[in-house]
Amino acid sequence: MQKDTFEVLNEQEGERLDKYLSDIYPELSRSFFQKLIKENNIQVNGSNQKSNYRLKTDDIVEITIPDAVETPILPQDIPLDILYEDDDVLVVNKPKGMVVHPSAGHYRDTLVNAIMYHCKDSLSGINGEIRPGIVHRIDMDTTGSLIICKNDESHIKIAEQIKAHTCNRIYVGIVLGNIKDDEGLIDAPIGRNPTDRKKMAINYKNGKEAVTHYKVLERFGDYTYLQFSLETGRTHQIRVHMASISHPLLGDMLYSNYSSSKSRFKNLQGQCLHAQRIGFVHPRTGEYMEFSAPLPNYFDNLLKMLYNSIKQ
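Residues numbered from 1 in each chain as written. Predicted model: local features only at pLDDT ≥ 70, side-chain atom pairs only at ≥ 80, totals over all residues. Heavy atoms only, no water.

*Asks:* Just to check I follow, could you spell out the overall build of the chain for this structure?
*Replies:* On a plain count of helices and strands, the chain comes out with 6 helices and 15 strands. Scaling as 2.2 N^0.38, a compact globule of 312 residues should have a C-alpha radius of gyration of about 20 Å, and the chain matches this with 20 Å. A principal-axis box enclosing the C-alpha atoms of the chain has dimensions of 60 × 50 × 40 Å. The buried share among the 312 residues of the chain stands at 52%. Sequence-distant contacts, at least 24 apart, represent 66% of the contacts inside the chain between residues at least 6 apart. Surface exposure of the chain reaches about 15000 Å², of which carbon and sulfur atoms provide 47%. Charged side chains of the chain number 37 positive and 41 negative; the gap between the two group centres comes to 4 Å. (Helix = DSSP H or I, 4+ residues; strand = E, 2+ residues; numbered from the N terminus. Rg over C-alpha atoms; globule rule 2.2 N^0.38 Å. Buried < 20%, exposed > 50% of the residue type's maximum accessible area, 1.4 Å probe, protein only. Contact = heavy atoms within 4.5 Å. Areas by Shrake-Rupley, 256 points an atom, 1.4 Å probe, with all protein chains shown as cover. Lys, Arg positive; Asp, Glu negative; His and termini not counted. Charge placed at Lys NZ, Arg CZ, Asp CG, Glu CD.)

*Asks:* So what exactly am I meant to see when it comes to the pattern of salt bridges here?
*Replies:* Between side chains of opposite charge, a pair can form as their charged atoms come close. A full pass over the atoms with the stated rule returns 12 salt bridges. Linking D88 and R284 is a salt bridge whose minimum nitrogen-to-oxygen distance equals 2.7 Å. You can see D88 sitting in the loop between β5 (82–85) and β6 (89–94) and its partner R284 sitting in the loop between β14 (273–281) and β15 (288–292), a full 196 residues away along the chain. Each of R137, D139, R239 and D252 takes part in a single network of salt bridges with overlapping partners. (Salt bridge = Lys/Arg side-chain N within 4 Å of Asp/Glu carboxyl O.)

*Asks:* Would you take a moment to explain helix α2 (residues 30–38) for this structure?
*Replies:* Turn by turn, an α-helix covers 3.6 residues, leaving residues three or four places apart pointing in a common direction. All of the buried residues along α2 are F32, F33, L36 and I37. Axial view of α2: buried residues confined to an arc of 140 degrees, hence all on one face. Here the buried face of α2 lies against α1 (17–24), β2 (42–44) and β4 (60–65). (Arc of directions from axis to C-beta.)

*Asks:* When you look at the nonpolar core in this model, what are you seeing that I'm missing?
*Replies:* It is characteristic of soluble globular proteins that their nonpolar side chains tend to be buried jointly. Formed by 33 residues in total, the largest nonpolar core has its most connected members in L111, I148, Y171, L226, F228, I238 and M242. Counting only elements with at least two residues in this core, the list comes to β6, α3 (111–119), β7 (143–149), β8 (168–176), β12 (211–219), β13 (223–230), α5 (237–244) and β14. A per-element tally of this core places α3 first, with 6 residues. Leave out the neighbours within four places in its chain, and I238 touches Y171, T212, F228, L230, L249 and L273. Membership of the second largest hydrophobic core comes to 19 residues, among which are L28, F33, L55 and I63. (Core = buried A, V, L, I, M, F, W, Y, C linked by side-chain atoms within 4.5 Å.)

Shown next, in the form of structure tokens:
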């Protein structure tokens, strides 16, 4: 059983309780916390509240997360946006809000549940029963291209490319502020935040090498549209690196003081980040292949709104 206590910050005032919790624990879903709230495992200032409770500055939120119960991972008939498929690999466009693989309290509605239904028994087993086919991942609220491996041989060869940094991964995102340079490089190791286990951080003592290249695609005054290319693939790499230079991703509650309740973009769910393009050498043919995932509607609409704002 895990127990945590948090104090609500000024910039988090007005957030729904369930949304606040899912931002603190990005690996767990909002519906999971709604269930905990109904079971009275979460208190605010010592009292039970509903999921739609609006937080106030200095509220004390106490959370009890029960121990995980072993649950079989079952296939689910969830539609997949398939960019490419053959007997060895599957490339999908992951939607916003979908967790890649099951975790404590979240054993359904993940990408793994969907690919188990789609691929039947044709998935690599190297990462175990809970993550079949998964050779890399992106955050729940990050959208875009993801490689799934259908057999162990493909998994090994794709994993080698990712480890050697030869897998080409291009992201796009909108950050807060008008970034100074048209392009740049952030070379700073990333490791677990020593004071907050939910977060990653620049960690020169215990972190691992992390290198992010960025390039400005468009400037919108208080916001900048960027392209990112990764030499490494650390957890939350782009989010941590951009926050470290005071340009966090729009909508990223974990690594910025952004508050959707006080923003012009009130319906934005999580960080505005999209894995636009992925390129790799096919594990069987040796041919280089590259696939692009179209921008999701919310991202496209944001860009249109920002374009219109600078024309006025």
